[in-house]
Amino acid sequence: MSLNTKKVICIIQARMGSTRLPGKAFIKINGIPCIDRVINRLKFSKRLDEIWIATTKKSEDKIFLSLKKKYNIKVFRGNIKNVLSRFEKIAILTKGDYFVRITADCPLIDYKIVDKAIEVCLEKKYDYVSNTIKRTFPDGLDVEVFSKKALENTVKNAKHPFLLEHVTPYIHGNIPADIKHGNFRKFQIKNKKNLSNLRWTLDEFQDLVFLNKICKLHKLDSDWKEISKTQSTNPVLMKITNNIPTNEG
């Protein structure tokens with residue numbers, strides 16, 4: 001099977017039960033729900049074969065089913081605490097070769113970064129490629145790509161509750177020493193300039209204030225570098241979220 005025939009599945013991890021900002025996936029950012037922005041921006045990808053939403057069987061998460069017909073995507077509702085099992089079930093259903101993990105609170109996710117991560121992973125045959133372990137991109141452009149083999153290995157060996165909830169730590173290994181992790185071929189995509197001080201995720205009310213302002217200035221398909229330039233040259237935009245720590249969960 002050639003690299004071009006490898007099946008790449010994007011899995012958007014989503015739920016309504018955020019403690020800091022409840023229902024954030026459907027909170028409107030400049031008139032468009034956060035989850036809609038995530039999906040629309042991923043739709044520009046040239047390397048994704050399918051887009052799935054992995055959510056829970058909680059009644060409040062039934063709302064994600066409304067996105068199936070709207071965007072011609074799939075929705076899987078599974079175990080509430082064992083997020084890894086949701087990825088496992090989607091892998092079985094899709095028979096995918098590689099998987100891309102995205103979270104639903106990243107409304108400025110950029111398909112170019114996603115496609116680059118996929119291409120590096122496939123071409124160099126890595127088990128895992130991301131831009132999250134050593135951050136150089138704005139928080140909110142998080143991309144993780146991993147192979148079917150790495151996922152299967154994780155499902156088989158990852159038993160700690162933390163590993164079941166967070167899916168990829170067993171693969172990338174950036175976890176406390178008392179939690180066992182695997183041994184995989186990994187690669188980190190880094191930006192030339194360290195922009196990890198920029199925060200583009202939706203997790204606090206201040207994030208929503210910032211995102212509303214930045215999205216009024218940019219189109220839905222704006223390149224992340226254009227957005228970065230706008231923020232970096234605007235003192236007001238730089239100050240809105242600069243006191244919120246990065247949530248590594």
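Here the structure is a predicted model, which is why all the values come from computation and not from measurement.

Procedures and definitions
Residues numbered from 1 in each chain as written. Predicted model: local features only at pLDDT ≥ 70, side-chain atom pairs only at ≥ 80, totals over all residues. Heavy atoms only, no water. Helix = DSSP H or I, 4+ residues; strand = E, 2+ residues; numbered from the N terminus. Rg over C-alpha atoms; globule rule 2.2 N^0.38 Å. Buried < 20%, exposed > 50% of the residue type's maximum accessible area, 1.4 Å probe, protein only. Areas by Shrake-Rupley, 256 points an atom, 1.4 Å probe, with all protein chains shown as cover. Lys, Arg positive; Asp, Glu negative; His and termini not counted. Charge placed at Lys NZ, Arg CZ, Asp CG, Glu CD. 1 Å grid on protein atoms, 1.4 Å probe; cavity = no way out; pocket = protein on both sides within 12 Å on 5 of 7 lines; lining within 4 Å. Points joined across faces, edges and corners; volume = space filled by probe spheres on them. Nonpolar A, V, L, I, M, F, W, Y, C, P; charged D, E, K, R; others polar. Pairing = 2+ DSSP bridges. Axes fitted to C-alpha atoms, helices over the stretch in contact; angles between N-to-C directions. Contact = heavy atoms within 4.5 Å.

**Examining the overall build of the protein**
Looking only at helices and strands, the protein has ten helices and nine strands in total. Against the 2.2 N^0.38 benchmark of 18 Å for 249 residues, the protein shows a C-alpha radius of gyration of 17 Å, consistent with a compact globule. Considering only C-alpha atoms, the protein reaches an extent of 50 × 40 × 40 Å along its principal axes. In the protein, buried positions account for 54% of the 249 residues. Looking at the protein as shown, the accessible area adds up to about 12400 Å², and 51% of this sits on carbon and sulfur atoms. Averaging the locations of the 47 positively and 26 negatively charged side chains of the protein gives two centres separated by 1 Å.

**What about the layout of surface pockets?**
Approximately 180 Å³ is the volume attributed to the second largest pocket. When contributions to the lining of the second largest pocket are tallied by element, the ones reaching two or more residues are α4 (111–123) and α9 (224–232). By residue number, the principal contributor to the lining of the second largest pocket is α4, which donates three residues. A per-class count over the lining of the second largest pocket returns four nonpolar, one polar and six charged.

**Focus on the pairing of strand β8 (residues 144–147)**
Of the two faces of β8, the one lined by E144 and F146 and the one lined by V145 and S147 are each fully buried. Both strand β6 (residues 98–103) and β8 contribute to a ladder of four bridges, which runs antiparallel. What sits directly across from R101, in β8, is E144. The pairing of strand β7 (residues 128–130) with β8 spans three bridges and is classified as antiparallel. By the bridge assignment, V129 is partnered in β8 with V145.

**A short note on helix α1 (residues 34–42)**
Counted residue by residue, α1 has eight buried out of nine residues, so it is predominantly covered. Turning to α1, its buried residues are C34, I35, D36, R37, V38, I39, R41 and L42.

**Considerations on the sheet that holds β6**
In space, the seven strands of this open sheet follow the order β5-β4-β1-β6-β8-β7-β9, with mixed pairing throughout. The open sheet has two edge strands with one neighbour each: β5 (74–78) and β9 (186–188). On average, each strand axis in the sheet is inclined to that of its neighbour by 20 degrees, with strand direction left out of account. On top of the sheet, α1 reaches β1 (8–13), β4 (50–56) and β6; it is set at about 165 degrees to β1, its chief contact. Sheet contacts for helix α5 (residues 148–157): β6 and β8; angle to β8, the most-contacted strand, approximately 85 degrees.

**Focus: unusual backbone geometry**
Even without glycine at this site, N30 takes up a positive phi of about 50 degrees. With respect to the helices, strands and loops of the structure, N30 is situated in the loop between β2 (28–29) and β3 (32–33). By relative accessible area, N30 is classed as partly exposed at 31%. One non-glycine residue with positive phi stands out, namely V167, at about 70 degrees. The class of V167 is buried, set by a relative accessible area of 1%.

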